[in-house]
Amino acid sequence: MPKRGSPPQSADTPVSGGAPGTRRRFMLGGLAAAASYGLGGGVGYVSAGGSGVATADQPTPWFHDAFEKVTRGRPVETKSKLVKFDIPGLAENGNMVPYSLLVDSPMTDVDNVRSITVLSPLNPQAFIASFEFSKASGVARVQGRLRLAKTQDVLVIVEFGNGQLVSASRRVEVHVGGCGTG
Amino acid sequence: MSNLTKPRIKLPDTIKSGDVIDVHAGITHVMETGNRRDSEGRPIPRNVVNSVVATFSDEVVFTAKFGSGTAANPIIVFPMRVLAPGRLEITWMDEEGRLTSDAVNVLVNG
């Protein structure tokens, strides 16, 4: 259990077991990922990893850390049609945005979804939620409600039982930001 | 440290053996982000519900972890295949270590 006084970034992403991936390897993978998600412009993105300074619409350094904790340097299929990610394209109020996720999977012993992680590239903390399924799940679907501080591309990463990773992102325009930053 | 409020569980009215049902669960919790300040300008410490565990007849069937990006008064809707009657228990924990749970009997009545 994270203690209250611990640094927000570590407390923020409970995904554990991160390989000792180097920053450099992560940045290379992350660059490709960021480009395909349309999350950031190439050159500026590097400074986010290096200096910890994020500007306007570049994913935050802690988003990169959270992304790396989930993916641990493994490739992520970004064009998969297996993930259905429903979230309003426009949120009047970023404090409560409903979302729904469905992954096309038979959920058998050999072919199943292990987990789904939802991350924010621009919130003051990146980690939104993660969900772990089981043999009893039957279907890989889940609904929840999230907070968005500003307009951004919400990212979901699906990990299958065989370790394969796929992702999907949806842009949500936010009129009044959540996260208590206003 | 006050107690967490009792969480909620809602199931479909009728369940047939083999159905994959949607379990609706929720709890009242402010999900304090740590970014806010009180009226005196002092930071309000972060405290979010960070863990939800659902067991059916003592077997873990679904877990959720939340960060501060999950909205206040979190709800989840998750699937569960019901083959036989059993007891569904959902336990919620926040970062102050407070725990609360609710349990319902799942009947096969369809």
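Residues numbered from 1 in each chain as written. Chains lettered and ligands numbered in written order. Predicted model: local features only at pLDDT ≥ 70, side-chain atom pairs only at ≥ 80, totals over all residues.

1. Topic: the overall build of chain A
The condition that has to hold: Helix and strand assignments come from DSSP, with helices taken as H or I runs of at least 4 residues and strands as E runs of at least 2, each series counted from the N terminus. Any residue with 12 or fewer other C-beta atoms within 10 Å of its own C-beta is exposed, any with 20 or more is buried, and the rest are partly exposed; the C-beta atoms used are placed from the backbone. Remark: residues whose backbone-derived C-beta atoms lie within 7 Å of one another are considered to be in contact.
Across its full length, chain A carries four helices and eight strands. The secondary structure elements of chain A, listed N-terminal to C-terminal, are α-α-α-α-β-β-β-β-β-β-β-β. The burial tally for chain A puts 47% of its 182 residues in the buried class. By sequence separation, contacts in chain A at least 24 residues apart represent 67% of the contacts at least 6 residues apart.

2. Here we look at the interface of chain A and chain B
By convention, interface size is frequently given as the accessible area that disappears when the constituent parts associate. Here is the rule: Side-chain classes are defined by residue name, with Ala, Val, Leu, Ile, Met, Phe, Trp, Tyr, Cys and Pro counting as nonpolar, Asp, Glu, Lys and Arg as charged, and the others, Gly among them, as polar. Two strands pair under a simple rule: DSSP has to find at least two bridges between them.
Counting residues at the interface gives 34 residues for chain A, matched by 34 residues for chain B. Broken down by secondary-structure element, the contributors of at least two residues to the side of chain A that touches chain B are α1 (8-12), β5 (127-132) and β6 (140-146) of chain A. When the residues that make up the side of chain A that touches chain B are grouped by side-chain class, the tally is 16 nonpolar, 12 polar and six charged. Here four bridges tie β5(A) to strand β4 (residues 59-66) of chain B, and the two strands are oriented antiparallel to one another. Opposite A:E132, over in β4(B), you have B:T63 as the bridge partner.

3. Digging into the sheet that holds strand β4 (residues 113-119) of chain A
Adjacent strands of a sheet pair through backbone hydrogen bonds, lying either parallel or antiparallel. For clarity, the threshold we go by: Where helices are involved, their axes are fitted lines through C-alpha atoms of the stretch in contact, as for all axes, and angles between N-to-C directions lie from 0 to 180°.
Ordered in space as β2(A)-β8(A)-β7(A)-β4(A)-β5(A)-β4(B)-β3(B)-β6(B)-β7(B), the nine strands form an open sheet in which the pairing is mixed. Of all strands in the sheet, those with a lone pairing partner are β2 (90-93) of chain A together with β7 (99-106) of chain B, marking the two edges. Strand-to-strand twist across the sheet, computed as the mean angle between neighbouring axes with direction ignored, equals 20°. Across the sheet, helix α4 (residues 61-71) of chain A lies against β4, β5, β7 (152-160) and β8 (165-176) of chain A, angled at about 175° from β4(A), the strand it touches most.

4. Quick word on unusual backbone geometry
Residue and element names in this part refer to chain B. Of note, the phi angle at S57 is positive, near 50°, even though the residue is not glycine. With respect to the secondary-structure elements, S57 resides in the loop between β3 (49-56) and β4. Of note in this structure, N73 is not a glycine but carries a positive phi near 50°.

5. A few points about the environment of A:F133
Within the secondary structure layout, A:F133 lies in the loop between β5 and β6. Look at A:F133 and you get buried, because 26 C-beta atoms sit within 10 Å. Separated by 28 residues in sequence, A:F133 and A:G161 place their C-alpha atoms 9.9 Å apart. Non-local contacts of A:F133, meaning those with residues more than four positions away in its chain, are made with A:N112, A:V113, A:R114, A:A140 and B:F62.

6. Side note on the nonpolar core
To be explicit about the condition: Think of a nonpolar core as buried Ala, Val, Leu, Ile, Met, Phe, Trp, Tyr and Cys residues chained together by C-beta atoms that fall within 7 Å.
Counting residues in hydrophobic clusters, the biggest one holds 62 residues, and the most contacted among them are A:I116, A:L119 and A:V156. Apart from the residues within four sequence positions on either side, A:I116 is in contact with A:L101, A:V103, A:S130, A:F131, A:V142, A:V156 and A:V158.

7. With respect to the pairing of β4(B)
Where β3(B) and β4(B) come together, six bridges link them in antiparallel fashion. Paired with B:V52 across the strands is B:A64, a residue of β4(B).

8. Some words on α4(A)
Residues and elements named next belong to chain A. Counting buried positions over the 11 residues of α4 gives nine, a clear majority of the element. Of the positions making up α4, those classed as buried are W62, F63, H64, A66, F67, E68, K69, V70 and T71. Phi turns positive, to about 45°, at R72, one or two residues after α4.

9. Looking at the environment of A:E132
Mapped onto the secondary structure, A:E132 falls in strand β5. When the C-alpha positions of A:E132 and A:V113 are compared, they lie 8.2 Å apart, and in sequence the two are 19 residues distant. Discounting residues that sit within four places of it in the chain, A:E132 has contacts with A:R114, A:S115, B:F62 and B:T63.

10. So, the pairing of β4(A)
All names here are of chain A. Among the seven residues that make up β4, five are buried, leaving the element largely enclosed by the rest of the structure. Taken together, the six bridges between β4 and β7 define a ladder with antiparallel strand orientation. Within the sheet, the bridge partner assigned to S115 lies in β7 and is E159. Judged from the five bridges that link them, β4 and β5 form a sheet pairing that is antiparallel. Its bridge partner lying in β5, L119 is registered against F127.

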